[in-house]
Amino acid sequence: DVKVTQSSRYLVKRTGEKVFLECVQDMDHENMFWYRQDPGLGLRLIYFSYDVKMKEKGDIPEGYSVSREKKERFSLILESASTNQTSMYLCASRKLMQAGGHETQYFGPGTRLLVL
Amino acid sequence: EDQVTQSPEALRLQEGESSSLNCSYTVSGLRGLFWYRQDPGKGPEFLFTLYSAGEEKEKERLKATLTKKESFLHITAPKPEDSATYLCAVQALSGGYNKLIFGAGTRLAVHP
């Protein structure tokens with residue numbers, strides 16, 4: 001069974017704090033993803049990583065950065081948290097897709113972040 | 001522009017009352033359509049992947065089908081434990097990468 005874990009289920013932070021969200025997967029997947037989910041907006045891709053030390057911007061990267069020093073771990077960093085970053089954050093992982101291939105993204109349980 | 005639209009936004013059913021959820025999509029290069037189930041406060045749980053028009057997949061009371069423009073998730077004789085938000089996503093080649101594009105979801109409530 002694929003297992004994706006996230007370091008916290010709930011977090012409360014103050015405006016301006018630096019926030020770290022950690023994600024670990026145990027299936028040796030090359031690809032990892034960070035999304036945020038807001039009511040009425042669905043899941044939106046923040047950043048993704050195709051392999052160790054690689055990162056690519058998703059659709060809404062502003063205000064976020066990421067780190068992938070080890071294959072199993074992908075961290076999302078909010079450099080200076082703001083109230084509009086209050087959201088549900090979801091991490092996902094996927095095996096490397098070969099040309100013409102098909103792979104599934106598997107999600108972690110989510111971190112609900114409240115920025116006051 | 002790649003887009004995924006789910007309908008209805010919310011659906012209320014009586015236990016045993018079968019129905020279907022719709023996912024319509026416009027993408028330039030479809031590389032799979034995915035259905036997930038999401039319970040409140042939890043991450044999406046993978047249900048099905050469909051790759052080509054005409055394909056069908058089943059799991060317990062759920063059956064997913066795919067055409068060139070849309071997918072349906074049929075729920076037969078639902079039970080209260082089927083209550084959840086059902087998310088549809090398409091995998092498409094965008095900017096040189098394979099990305100998942102999600103719909104907003106259908107919130108299903110099944111009442112005894």
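Residues numbered from 1 in each chain as written. Chains lettered and ligands numbered in written order. Predicted model: local features only at pLDDT ≥ 70, side-chain atom pairs only at ≥ 80, totals over all residues. Heavy atoms only, no water.

On the chain B side, the residues contacting the 23 residues of chain A number 20 residues. Carbon and sulfur atoms supply 56% of the area buried between chain A and chain B, which totals about 1,800 Å² over both sides. Three residues, Leu-43, His-102 and Phe-107 of chain A, lead the burial of chain A against chain B; their summed loss comes to 25% of the area buried on that side. At the boundary of chain A with chain B, the tally comes to zero salt bridges. The tally of links from chain A across to chain B stands at seven residue pairs in polar contact (both at pLDDT 80 or more). Elements that contribute at least two residues to the side of chain A that touches chain B include exactly strand E4 (31–38), strand E5 (42–49), strand E9 (87–94) and strand E10 (106–107) of chain A. The dominant element in the side of chain A that touches chain B, judged by the number of residues it contributes, is E5 of chain A, at four residues. Split by residue class, the side of chain A that touches chain B holds eleven nonpolar, six polar and six charged. (Contact = heavy atoms within 4.5 Å. Buried area = accessible area lost by both parts, 1.4 Å probe. Salt bridge = Lys/Arg side-chain N within 4 Å of Asp/Glu carboxyl O. Polar contact = N/O pair within 3.5 Å; in protein donor to acceptor, adjacent residues only side chain to side chain. Helix = DSSP H or I, 4+ residues; strand = E, 2+ residues; numbered from the N terminus. Nonpolar A, V, L, I, M, F, W, Y, C, P; charged D, E, K, R; others polar.)

Attention shifts here to the pairing of strand E1 (residues 3–7) of chain B. All names here are of chain B. Alternating positions in E1 separate cleanly, Val-4 and Gln-6 being buried on one face and Gln-3, Thr-5 and Ser-7 remaining unburied on the opposite face. In this structure, E1 lies alongside strand E3 (residues 19–26), joined through five bridges in antiparallel fashion. Counterpart to Thr-5 in the pairing with E3 is Ser-24. (Buried < 20%, exposed > 50% of the residue type's maximum accessible area, 1.4 Å probe, protein only. Pairing = 2+ DSSP bridges.)

Residue and element names in this part refer to chain A. Pairing is antiparallel across the open sheet formed by four strands, whose spatial order is E1-E3-E8-E7. Two strands lie at the open edges of the sheet, namely strand E1 (4–6) and strand E7 (64–70), each paired on one side alone. Ignoring strand direction, the axes of neighbouring strands in this sheet form an average angle of 20°. Both E7 and strand E8 (residues 73–78) contribute to a ladder of five bridges, which runs antiparallel. (Axes fitted to C-alpha atoms, helices over the stretch in contact; angles between N-to-C directions.)

With that settled, consider the nonpolar core. Residues Leu-33, Trp-35, Leu-73 and Tyr-86 of chain B are the most contacted members of the largest nonpolar core, which totals 24 residues. For this core, the elements supplying multiple residues, two or more each, are strand E2 (10–14), E3, strand E4 (30–38), strand E5 (45–50), strand E7 (62–66), strand E8 (70–75), strand E9 (84–94) and strand E11 (106–111) of chain B. It is E9 of chain B that contributes the most residues to this core, five residues altogether. Counting residues in hydrophobic clusters, the runner-up holds 20 residues, among them Val-19, Cys-23, Leu-78 and Cys-91 of chain A. (Core = buried A, V, L, I, M, F, W, Y, C linked by side-chain atoms within 4.5 Å.)

Residue and element names in this part refer to chain A. Structurally, the position occupied by Gln-6 is in strand E1. At 3.1 Å, the side chain of Gln-6 and the backbone oxygen of Tyr-89 are in polar contact. Separated by 3.1 Å, the side chain of Gln-6 and the backbone nitrogen of Cys-91 make a polar contact. Those residues in contact with Gln-6, other than ones at most four positions away along the chain, are Glu-22, Trp-34, Tyr-89, Leu-90, Cys-91, Gly-108, Pro-109, Gly-110 and Thr-111.

Turning our eyes to something else, we now look at the side chain of Asp-82 of chain B. On the secondary structure map, Asp-82 of chain B appears in the loop between E8 and E9. Once residues lying within four places of it in the same chain are set aside, the contact partners of Asp-82 of chain B are Arg-37, Arg-61, Leu-108 and Val-110 of chain B.

Right, let's get into the state of the cysteines. A covalent bond between the sulfur atoms of two cysteines is what we call a disulfide. Applying the stated rule across the entire model yields two disulfides over all chains. Shown here is the disulfide that connects Cys-23 of chain A with Cys-91 of chain A, its sulfur atoms set 1.9 Å apart. Judged by the sign of its S-S torsion, about -75°, the bond between Cys-23 of chain A and Cys-91 of chain A is left-handed. Of this pair, Cys-23 of chain A sits in strand E3 (residues 19–25) while Cys-91 of chain A sits in strand E9, placing them 68 residues apart in sequence. The disulfide partner of Cys-23 of chain B is Cys-88 of chain B, and the gap between their sulfur atoms is 1.9 Å. Between Cys-23 of chain B and Cys-88 of chain B, the disulfide has an S-S torsion of -60° and is therefore left-handed. (Disulfide = S-S within 2.5 Å.)

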